Amino acid sequence: MTDEDWMALALDEARKGVGRTGPNPPVGAVLVKDGKFLGGGWHRRAGQPHAEVEAMTMAEALHGKGCLAGATAYVTLEPCSTTGKTPACTDGLVRAGVSRVVYGCADPNPAHAGAAEAILKKSGIEVRAEVLEKACMEILRPFAKVQRTGLPWVIWKCAMSLDGRITRPEGEGQWLSGAESRADVQRLRAEVDAILTSGETVRRDHPALTIRVPELLEGRNQPWRVVLTDRPESMPGDAPLFTDTWKDRTLIRSGSYEETLRELARERGVLSVMIEAGGNLSAAMFAAGLVDEVVIYYAPILCGGGTLPALAGESFPQTTDLHEMTWERFGADQRLRALVAK
């Protein structure tokens, strides 16, 4: 197997941590010696061992102490070189006796970028960087954005008819998308640290905005549920967000959307946020330039006038271009996932 093949396995490990590690990045690692897999691991939660340590622990449990001498470590992110809640991974790799470290992308934190390579090379360890860099950075985009701007990565999620409506005509029921799409939304919620909605949506729909699949919730908290409203006194006290088991995960915020996002990153360790709201808040978030990615479920129906649009109001910019688009079918629906051109 090539370096790229082994890094692909490390990426599989890293994906297990998406939505679970904030404020830390999701990272995966694999250890190999003489072409044989020794161990793998992923960072499970802030304050817990990093991916490299998880992989080394597995390798030594399977093959005994000393098995890592001369091994190669494949890590999706440049190993950390400073001590925080956990020891520096560069020190652990040196102590273990690995002879080579291959990593996917440099640390997005400019204070740390490139530091690991110098430390490892000084200890006689061969280093190769930028292996499957683009794929590794895709997983790290939320972490990188927080490091660069102080703002979390923002996803706009919407289910709509082919004519851009998010509600059916009165009396037809609430669902536009099918069961397969709604199941995918559960997986999408498990990717993020917080869900943003509007006071209007809470008053109208009484949403729960929770992960309801036990397997997806294992080892993590429910996402923060953040209600953006200028009329907090109008919130219905019987809404699930204020009465269910996770009511302490609900926040009400007024004022600047950008400052709310900065607070979530700064005070709550939030890396990624998903908008699940009506057309007015959605359009305002686009107009403020705060949306990074869209996930749209297109249902094969037309709802016509008198129903609510996905993007409403006069604040929406004239044109918003999308790129890196992918399409996937869920039952009768088509899902578009794409990045917002900045």
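Our subject in this report is the structure included herewith. This structure is a prediction, so every number in the text was calculated from the model and none was measured.

The rules behind the values
- Residues numbered from 1 in each chain as written.
- Predicted model: local features only at pLDDT ≥ 70, side-chain atom pairs only at ≥ 80, totals over all residues.
- Heavy atoms only, no water.
- Helix = DSSP H or I, 4+ residues; strand = E, 2+ residues; numbered from the N terminus.
- Rg over C-alpha atoms; globule rule 2.2 N^0.38 Å.
- Buried < 20%, exposed > 50% of the residue type's maximum accessible area, 1.4 Å probe, protein only.
- Contact = heavy atoms within 4.5 Å.
- Areas by Shrake-Rupley, 256 points an atom, 1.4 Å probe, with all protein chains shown as cover.
- Lys, Arg positive; Asp, Glu negative; His and termini not counted.
- Charge placed at Lys NZ, Arg CZ, Asp CG, Glu CD.
- Polar contact = N/O pair within 3.5 Å; in protein donor to acceptor, adjacent residues only side chain to side chain.
- Pairing = 2+ DSSP bridges.
- Axes fitted to C-alpha atoms, helices over the stretch in contact; angles between N-to-C directions.
- Disulfide = S-S within 2.5 Å.
- Expected span 1.5 Å × (residues − 1).
- Parallel < 35°, antiparallel > 145°, perpendicular 65-115°, else oblique.
- Left-handed = near helix turned anticlockwise from the far one by under 90°.

In terms of regular secondary structure, the protein chain is built from 11 helices and 13 strands. Computed over the C-alpha atoms, the radius of gyration of the protein chain is 22 Å, within 12% of the 20 Å expected from 2.2 N^0.38 for a compact globule of 342 residues. Each principal axis of the C-alpha atoms in the protein chain carries an extent, and together these give about 70 × 40 × 40 Å. A buried classification covers 50% of the 342 residues belonging to the protein chain. Sequence-distant contacts in the protein chain: of pairs separated by 6 or more residues, those separated by 24 or more amount to 74%. Roughly 15700 Å² of accessible area belongs to the protein chain as shown, and the carbon and sulfur atoms make up 51% of that amount. The averaged location of the 45 negative side-chain charges in the protein chain is 3 Å from the averaged location of its 40 positive side-chain charges.

The next thing to look at is the environment of Leu281. Locating Leu281 in the fold gives a position in helix α11 (residues 279-287). Classification of Leu281 as buried rests on a relative accessible area of 6%. Aside from chain neighbours lying at most four places away, what touches Leu281 is Thr197, Ser198, Leu228 and Tyr257.

With that out of the way, let us pick up unusual backbone geometry. Residue Gly22 is joined to Pro23 through a cis peptide bond whose omega torsion reads 5°. With respect to the secondary-structure elements, Pro23 resides in the loop between α1 (3-15) and β1 (28-33). Even without a glycine there, the phi angle at Leu132 is positive, about 50°. As for its position among the elements, Leu132 is in the loop between β5 (126-128) and α5 (133-149).

On to the side chain of Arg337. Along the chain, Arg337 falls in strand β13 (residues 333-340). Only 2.9 Å separates the side chain of Arg337 from the side chain of Glu191, close enough to count as a polar contact.

Moving on to the sheet that holds strand β12 (residues 322-330). Spatially, the 8 strands line up as an open sheet ordered β9-β8-β7-β10-β6-β11-β13-β12, and their pairing is mixed. The two strands at the open ends of the sheet, each matched to only one other strand, are β9 (250-253) and β12. Averaged over all pairs of adjacent strands, the angle between strand axes in this sheet comes to 20°, irrespective of strand direction. In this sheet, strand β10 (residues 272-275) lies alongside strand β7 (residues 194-198) in parallel orientation, the contact comprising 3 bridges. If you follow Leu196 over to β10, its bridge partner there is Ile275.

So, about the state of the cysteines. Considering all chains together, one arrives at 0 disulfides under this definition. With no disulfide of its own, Cys158 lies 11 Å from the sulfur of Cys303, the closest cysteine sulfur. According to the relative accessible area criterion, Cys158 is buried, its value standing at 5%. The exposure class of Cys303 is buried, given its relative accessible area of 9%.

Take α5 next. Between its first and last C-alpha, α5 extends only 21 Å over 17 residues, short of the 24 Å set by a 1.5 Å rise per residue. Every buried residue belonging to α5 is among Cys136, Ile139, Leu140, Pro142, Phe143, Ala144, Lys145 and Val146, and all of these are buried. Looking one or two places after α5, you find Gly150, whose phi comes out positive at around 80°.

This next bit is on the packing of helix α2 (residues 51-63) against helix α3 (residues 89-96). The N-to-C vectors of α2 and α3 enclose an angle of 25°; their axes lie 9 Å apart at closest approach. By the criterion of interaxial angle, the relationship of α2 to α3 is roughly parallel. As for the relative orientation of α2 and α3, their crossing is left-handed in sense. Packed against α2, whose contacting residues are Glu52, Val53 and Met56, the element α3 presents Cys89, Gly92, Leu93 and Ala96 at the interface.

Before going further, it helps to examine the sheet that holds β5. Taken in spatial order, the 5 strands line up as β2-β1-β3-β4-β5 in an open sheet, and their pairing is mixed. Each end of this open sheet is capped by a strand with a single partner; those strands are β2 (36-42) and β5. Averaged over all neighbouring strand pairs, the angle between strand axes comes to 15°, with direction disregarded. Pairing geometry for strand β3 (residues 72-77) and strand β4 (residues 100-105), over 5 bridges, is parallel. Directly across from Leu77, in β4, lies its bridge partner Cys105. Taken strand by strand, α1 contacts β1, β2, β3, β4 and β5, and its axis lies near 140° from that of β1.

Alternating positions in β10 separate into two faces, Ser272 and Met274 on one and Val273 and Ile275 on the other, with burial throughout. Sheet analysis places strand β6 (residues 153-161) next to β10, joined by 4 bridges and oriented parallel. When the sheet's bridge partners are listed, Ile155 is paired in β10 with Met274.

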